[in-house]
Amino acid sequence: MTNTTHFGYKTVAEEDKVREVAKVFHSVAAKYDIMNDVMSAGLHRVWKAFTIANAAVRPGFKCLDIAGGTGDLAKVFAKQAGPTGEVWLTDINESMLRVGRDRLLNRGLLTPTLLCDAEKLPFPDNYFDRVSVAFGLRNMTHKDQALKEMRRVLKPGGKLLVLEFSKVAAPLQKPYDLYSFKILPWMGDKIANDAESYRYLAESIRMHPDQDTLKSMMEEAGLERVTYYNLTAGVAALHTGIKM
């Protein structure tokens, strides 16, 4: 029997979701940064800055940025970790990874980049001081397995940081839905010539676990001292956990 999962609001075979998500990010890679700025009014930069501050990367740290896309976190981590550190930029999507790699090279940052699946990380146990994933977890088919892998590659005392869209505060739900399902696809069509990918984005956010559910999932994966911070009334949330 074929296992099924969700792709936005659709129920699809697991192998089909992998292909469909790949198509979305192949399509949006070239305009990814422009669309992020437009659709969040630049707030994604504030959310990422908050994540970077919570990571507190120090010289010599080993960091893994999963689903790192265009490299916003990795480029800062690489500067903070310095020449004695080691920062990996990874993504499952070749188009996104290529954009991120080129951006890092253009800034003179020679950090390793790797095409890999977060559910099967090709790194040894207890290797990284920090593992981060920003706006990537909701696209993973087996989130529980991915979280276990992230914990596995962390050193004892290492921190996982998960920045993701989440459940918005109740008073904002109606205007947020209007923006998500009407305005966002329209902007996707006008700017990236791809309304469907941004309609999927809105649906994938609604299907993603809410703040407390994701907190429980991280705890079930073996992380401790799990906490979360609501950002912009819950439009996004940063979850952190420690491997003890």
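Residues numbered from 1 in each chain as written. Predicted model: local features only at pLDDT ≥ 70, side-chain atom pairs only at ≥ 80, totals over all residues. Heavy atoms only, no water.

On a plain count of helices and strands, the protein chain comes out with 9 helices and 9 strands. Projected onto its principal axes, the C-alpha coordinates of the protein chain cover approximately 45 × 40 × 40 Å. When each of the 244 residues of the protein chain is scored for burial, the buried share is 52%. In the protein chain, the proportion of contacts linking residues at least 24 apart, taken out of those at least 6 apart, comes to 68%. Distance between charge centres in the protein chain, computed from 33 positive and 29 negative side chains, equals 5 Å. (Helix = DSSP H or I, 4+ residues; strand = E, 2+ residues; numbered from the N terminus. Buried < 20%, exposed > 50% of the residue type's maximum accessible area, 1.4 Å probe, protein only. Contact = heavy atoms within 4.5 Å. Lys, Arg positive; Asp, Glu negative; His and termini not counted. Charge placed at Lys NZ, Arg CZ, Asp CG, Glu CD.)

As a further point, take the state of the cysteines. For the coordinates displayed, the defined rule picks out 0 disulfides. Free of any disulfide, C63 has its nearest cysteine sulfur in C116, 15 Å distant. Taking the relative accessible area as the measure of exposure, C63 reaches 0% and is therefore buried. (Disulfide = S-S within 2.5 Å.)

Further remarks concern the pairing of strand β6 (residues 128-134). The element β6 is largely enclosed, with a buried count of 7 among its 7 residues. Across 6 bridges, the pairing between β6 and strand β7 (residues 154-165) is parallel. Following the sheet pairing, S132 is matched in β7 by L161. A crossover links β6 with its parallel partner β7, the connecting element being helix α6 (residues 143-153), and its sense is right-handed. (Pairing = 2+ DSSP bridges. Right-handed = clockwise from strand over helix to strand, strands pointing away.)

What follows is about the pairing of strand β8 (residues 224-231). When a strand is regular, its side chains alternate between the sheet's two faces. As defined by bridge partners, β8 adjoins strand β9 (residues 236-242) across 6 bridges and the pair is classed as antiparallel. Note on β9: the bridge partner recorded for Y228 is H239. Connecting the antiparallel pair β8 and β9 is a turn made up of 4 residues, with T232 showing a positive phi of about 55 degrees.

Judged by nonpolar contacts, the single largest core of 45 residues is most densely connected at W47, F77, F165 and Y198. With 5 residues, helix α4 (residues 72-81) is the single largest residue contributor to this core. Excluding its chain neighbours within four sequence positions, the residues that come into contact with F165 are W47, F135, R138, Y176, L201, I205, H208, V235 and A236. (Core = buried A, V, L, I, M, F, W, Y, C linked by side-chain atoms within 4.5 Å.)

Before going further, it helps to spend a moment on the side chain of K17. On the secondary structure map, K17 appears in helix α1 (residues 14-28). Buried and unpaired, K17 has no salt bridge, with E119 as the nearest side chain of opposite charge at 7.8 Å. Here the side chain of K17 touches H6 through a polar contact of 3.2 Å, landing on its backbone oxygen. (Salt bridge = Lys/Arg side-chain N within 4 Å of Asp/Glu carboxyl O. Polar contact = N/O pair within 3.5 Å; in protein donor to acceptor, adjacent residues only side chain to side chain.)

All right, on to the sheet that holds strand β3 (residues 62-66) then. Taking strand neighbours across the sheet as the criterion, the 7 strands line up as β5-β4-β3-β6-β7-β9-β8 in an open arrangement whose pairing is mixed. For this open sheet the edge positions go to β5 (113-115) and β8, each flanked by a neighbour on one side alone. Neighbour to neighbour, the strand axes of the sheet diverge by 15 degrees on average, direction disregarded. Running over the sheet, helix α5 (residues 94-106) touches β4 (86-91) and β5 and is turned about 150 degrees from β4. (Axes fitted to C-alpha atoms, helices over the stretch in contact; angles between N-to-C directions.)

Per the UniProt record, "binding site: S-adenosyl-L-methionine" (unreviewed entry) is annotated on T70, D91, D117 and A118. Mapped onto the elements, D91 comes out in strand β4. Those residues within four positions of D91 in sequence are excluded, and the remaining contacts are A67, G68, G69, M96, L97, L114, L115 and C116. At 2.9 Å, the side chain of D91 and the backbone nitrogen of G69 are in polar contact. Among the structural elements, D117 can be located in the loop between β5 and β6. Among the polar contacts listed, one links the side chain of D117 to the backbone nitrogen of E119, at a separation of 2.9 Å. (UniProt positions renumbered as here; feature names shortened; annotations may be inferred.)

Tallied over the full model, the rule gives 14 salt bridges. With its nearest N and O atoms 2.8 Å apart, the salt bridge here joins R98 to E94. With a gap of 4 residues between them, R98 and E94 both fall in helix α5, about one helical turn apart. Notably, a salt bridge pairs K215 with E219, separated by 2.9 Å at the nearest N-O pair. Of this pair, K215 and E219 both sit in helix α9 (residues 211-220), 4 residues apart, roughly one helical turn. On the accessibility criterion, K215 (25% relative accessible area) is partly exposed. Members of the salt-bridge network, linked through shared partners, are K48, D72 and R103.

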